[in-house]
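# Structural description and commentary
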Amino acid sequence: MKRGWLFQAGLLAAAGLVLWFFISNTTHNLETRKIASGFGFLWREAGFEIGETGAIAYSAADSYLRALVVGLWNTFRIAAIGVVFATLLGTLIGLARLSPNWLLVKLAAAYVEAIRNVPLLVQLFFWYAIISENLPGPAEALNPLPGVYLSNRGIFFPLPGSTPELSGFNFIGGASLSPEFAALLVGLVTYTAAFIGEIVRAGVLSVGRGQVDAAYSIGLARRAALRFVVLPQALRLIVPPLTSQYLNLAKNSSLAVAIGYPDLVSIANTTLNQTGQAIEGIAIIMGVYLTISLSISALMNWYNRRVALKGTLR
Amino acid sequence: MKSFTVAAALSILAAGPAHAQSAAPSTLEAVTKKGYVQCGVNVGLAGFSQPDSQGVWKGIDVDVCRAIAAAVFGDASKVRYTPLTAQQRFTALQSGEVDVLSRNTTWTITRDTSLGLNFVGVNYYDGQGFMVPKKRKVKSAKQLNGATICVQPGTTTELNLADYFRANNMKFKPVVIEKLEEVLNAYFSGRCDVYTTDISGLVAVRVSRAPKPDDHVILPEVISKEPLGPAVRHGDDRWFDVVKWSLFAMIEAEELGLNSKNIDQQAGSQNPSIQRFAGATGDIGKMLGLDNRWAVNIVKQVGNYGESFDANLKPLGFDRGLNKLWTQGGLMYAPPIR
């Protein structure tokens, strides 16, 4: 017992020493190279524009901090919408692979294998190219529904009291989704759904045949058996790996930088480049992703505890 | 590319022995010891730095790297190139990945101070402009209100663009993509109405990347000053001097009428300026910590500034303009080599 304490104290001291070495060394190196440090730059004027600012009012005259908040908002937006659609599509894919329809099973299997085995970055470039190169310019925009315009400037659709209209270079009015957002969303959703599909399939298959038979034998219909017997048991197995997929989706959203969606990483990269404060910029990115991931984790653990069998969680 | 920035940031965390200033070797010593100059260049900008069909790097920025190698080693080929994006370049220099950054980089006060860089001079005087497809029938940048504009991040271009639209009370939507390839794809595929960067970049891109160069026009407005030049890290004056005077030697050579073809014969000249330049008299090379024939090696192997311009930029349709010698009405001016 005593040796155990000694060992742990030693480990803590060693970890502290390593940390101190890195911090003091960094400060020293920054000083000798006369590179500015600290977070004071956050309050300086950013001076660059951002393509999509979502719900946050922003202009080049605002601070770097506000620019980063816009980036954070964009990351949240893509992650939240992505998680919802990936779950829906993933569940459909998973159930399709279990369907009695032969063609549906094969199609779903082909989808999963194709999507899972191509790097996500490549898929993002693919979707971005499809959208930006195949859609016409704003002047020749497709008009599938009244007030809805589809062009390489994005999808414009009407809001109550405001319809998009072509004016000069672009549409004005209504609401819009940019090609970058659309490509990123489609890429993330289709990619993550392939993994979620497999998780759902594994979860459902893990419920013993006997359980289903027992449910039918007490007179439950197929739908009721699924709802009251199969899914509650499957969920216990689905939730933990599903959490990982949600975390992956949130983290993968940082690939946005490659196709020009202004997410947190993109804005932080620009910021660290304009200010030269790489260490602070990277620290902000790491801190934010850590916070997002731990929050998703905490939420999913709470949910997992609710669906778990009583007494099985320690 | 992101991992590169992280790696470079980490190497700042770990670089150099802690608190042991005296042991830190100077860049010149380190370069001499390893036998080559590690030069940060653009990933591919015609006329400035781009590998040719044989994989040999060519361009006026590349020639600065070669001039430094010629001055230090007497051999212009002793250079290794690190292609850098706009976002990677400063971290790469700060962290010691490269010895010198010669990558069409604008000299600004922020970069010269808080980024920890020292600009040695200017090897191309530039300004920012706009390129639009001809079929848009835009005649002036003042007509760009509401346009979608492709731009690379981490550049002065991004800031000037915002400034210009603010000053003229216009709005625009930026599409910000780091990789040159991707941002050009976005422009040529019609995702953006406008592509903006330094005019040299627009000219080079139009000639070398546009499917049909004649379909694109560069608008007459020049919205900024962009003095492009090589930079080194703060805190090593000796290396700063070597890089600075390697660039000046190319400019001075043009002024003295020395070029790669006549330098051997001119080295025996009676003109005292040329004698000093060629190292026949005085010991200017030694003051720099180099061989006394440093400048001769530069001119013989790389050429003077005008030769470099004519070889790399003239074929692309560049005009000397501001980059003429001061004696011919331009801005290229080297302090006296004496």
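All values derive from a computational prediction rather than experimental measurement.

## Considering the overall build of chain B
Looking only at helices and strands, chain B features 14 helices and 14 strands. Its C-alpha atoms give chain B principal-axis dimensions of roughly 60 × 50 × 40 Å. Burial status across chain B gives 60% buried among its 338 residues. Surface accessibility of chain B: about 13500 Å² in total, with carbon and sulfur atoms responsible for 51%. Seen as two clouds, the 37 positive and the 32 negative side-chain charges of chain B have centres 4 Å apart.

## What to know about the pairing of strand E1 (residues 142–145) of chain A
All names here are of chain A. Bridging between E1 and strand E2 (residues 148–151) involves two bridges; their strand directions are antiparallel. Counted as the bridge partner of Leu 142 is Leu 150 from E2. Count of turn residues in the E1/E2 antiparallel hairpin: two residues, of which Gly 147 carries a positive phi of about 85°.

## Things to note about the environment of Asn29(A)
Residue and element names in this part refer to chain A. Summarising the element assignment, Asn 29 is placed in helix H1 (residues 2–32). On the accessibility criterion, Asn 29 (6% relative accessible area) is buried. When the C-alpha positions of Asn 29 and Leu 185 are compared, they lie 41 Å apart, and in sequence the two are 156 residues distant.

## Quick notes on the packing of helix H5 (residues 179–206) of chain A against helix H7 (residues 222–252) of chain A
Residue and element names in this part refer to chain A. Put simply, H5 and H7 touch, their axes get as near as 8 Å, and they point 160° apart. When the axes of H5 and H7 are compared, the pair comes out roughly antiparallel. Here H5 runs over H7; the crossing is right-handed. Residue-level inspection shows Leu 188, Tyr 191, Thr 192, Phe 195, Ile 196, Ile 199, Val 200, Gly 203, Val 204 and Ser 206 of H5 in contact with H7, the latter providing Val 230, Ala 234, Leu 237, Ile 238, Pro 241, Leu 242, Gln 245, Tyr 246, Leu 249 and Asn 252. Its residues placed into classes, the contact of H5 with H7 shows 15 nonpolar, five polar and no charged.

## Side note on the domain arrangement of chain B
Residue and element names in this part refer to chain B. With domains assigned, chain B is organised as domain 1 (27–125 + 228–328) and domain 2 (128–224). Its C-alpha centre places domain 1 at a distance of 29 Å from the equivalent point of domain 2. The interface of domain 1 with domain 2 comprises 17 residues on the first partner and 14 residues on the second. A buried area of about 1300 Å², summed over both sides, lies between domain 1 and domain 2, and 60% of it is on carbon and sulfur atoms. Tallied by class, residues from the side of domain 1 that touches domain 2 come to eight nonpolar, seven polar and two charged.

## What to know about the pattern of salt bridges
Residues and elements named next belong to chain A. A complete count under the given rule lists 18 salt bridges over all chains for this structure. Where Glu 52 meets Arg 77, a salt bridge forms, and the shortest distance between an N and an O atom there is 2.9 Å. In this pair, Glu 52 sits in the loop between H1 and helix H2 (64–97) while Arg 77 sits in helix H2, placing the two residues 25 residues apart along the sequence. One salt-bridge network, held together by shared partners, links Arg 97, Glu 198 and Arg 201.

## Focus on the sheet that holds strand E9 (residues 147–151) of chain B
Residue and element names in this part refer to chain B. Spatial strand order, E10-E9-E11-E8-E12: five strands in an open sheet with mixed pairing. Unpaired on one side and paired on the other, strand E10 (172–176) and strand E12 (216–218) mark the two borders of the sheet. Across this sheet, the average inter-strand angle for adjacent strands is 30°, counted without regard to direction. Across five bridges, E9 lies against E10 in parallel orientation. Its bridge partner lying in E10, Ile 149 is registered against Pro 174. Across the face of the sheet, helix H7 (residues 180–188) comes into contact with strand E8 (128–133), E9, strand E11 (194–198) and E12 while running at roughly 140° to E11.

## Details of helix H14 (residues 305–312) of chain B
All names here are of chain B. For H14, the buried fraction is high: six of the eight residues fall into the buried class. Tyr 305, Gly 306, Glu 307, Ser 308, Phe 309 and Asn 312 are the residues of H14 that are buried. The opening residue of H14 is Asn 304, an N-cap whose side-chain oxygen sits 3.0 Å from the backbone nitrogen of Gly 306.

## Considerations on empty space enclosed by the protein
If you roll a probe as big as a water molecule over the atoms, it shows you where there is empty space left. Across all of its chains, the model carries four cavities of 30 Å³ or more by this definition. A volume near 280 Å³ is recorded for the largest cavity. Along its surface, the largest cavity is lined by 24 residues, and Arg103(B), Asn104(B), Gln152(B), Thr155(B) and Thr197(B) are the ones closest to its centre. If you list the elements that add at least two residues to the lining of the largest cavity, you get helix H6 (156–167), E11 and helix H8 (199–208) of chain B. If one sorts the elements of the lining of the largest cavity by residue count, E11(B) sits on top with four residues. Residue composition of the lining of the largest cavity, by class: seven nonpolar, 12 polar and five charged. No fewer than three residues from each of domain 1 (27–125 + 228–328) and domain 2 (128–224) of chain B sit in the lining of the largest cavity. Estimated volume of the second largest cavity: approximately 50 Å³. In terms of lining, the second largest cavity is formed by 11 residues, of which the most central are Leu30(A), Ile35(A), Gly276(A), Ala278(A) and Ile279(A).

## Focus on the sheet that holds E1(A)
All names here are of chain A. One open sheet holds the four strands; their spatial order is E1-E2-E3-E6, and the pairing between them is antiparallel. The open sheet has two edge strands, E1 and strand E6 (175–177), and neither has a second partner. Mean inter-strand twist for the sheet, computed between neighbouring axes without regard to direction, equals 20°. Note that E2 and strand E3 (residues 154–157) share three bridges and pair antiparallel. Of the residues in E3, the one forming a bridge with Tyr 149 is Phe 156.

About the thresholds
Residues numbered from 1 in each chain as written. Chains lettered and ligands numbered in written order. Predicted model: local features only at pLDDT ≥ 70, side-chain atom pairs only at ≥ 80, totals over all residues. Heavy atoms only, no water. Helix = DSSP H or I, 4+ residues; strand = E, 2+ residues; numbered from the N terminus. Buried < 20%, exposed > 50% of the residue type's maximum accessible area, 1.4 Å probe, protein only. Areas by Shrake-Rupley, 256 points an atom, 1.4 Å probe, with all protein chains shown as cover. Lys, Arg positive; Asp, Glu negative; His and termini not counted. Charge placed at Lys NZ, Arg CZ, Asp CG, Glu CD. Pairing = 2+ DSSP bridges. Axes fitted to C-alpha atoms, helices over the stretch in contact; angles between N-to-C directions. Parallel < 35°, antiparallel > 145°, perpendicular 65-115°, else oblique. Left-handed = near helix turned anticlockwise from the far one by under 90°. Contact = heavy atoms within 4.5 Å. Nonpolar A, V, L, I, M, F, W, Y, C, P; charged D, E, K, R; others polar. Domains from an automatic or database assignment. Buried area = accessible area lost by both parts, 1.4 Å probe. Salt bridge = Lys/Arg side-chain N within 4 Å of Asp/Glu carboxyl O. Polar contact = N/O pair within 3.5 Å; in protein donor to acceptor, adjacent residues only side chain to side chain. 1 Å grid on protein atoms, 1.4 Å probe; cavity = no way out; pocket = protein on both sides within 12 Å on 5 of 7 lines; lining within 4 Å. Points joined across faces, edges and corners; volume = space filled by probe spheres on them.

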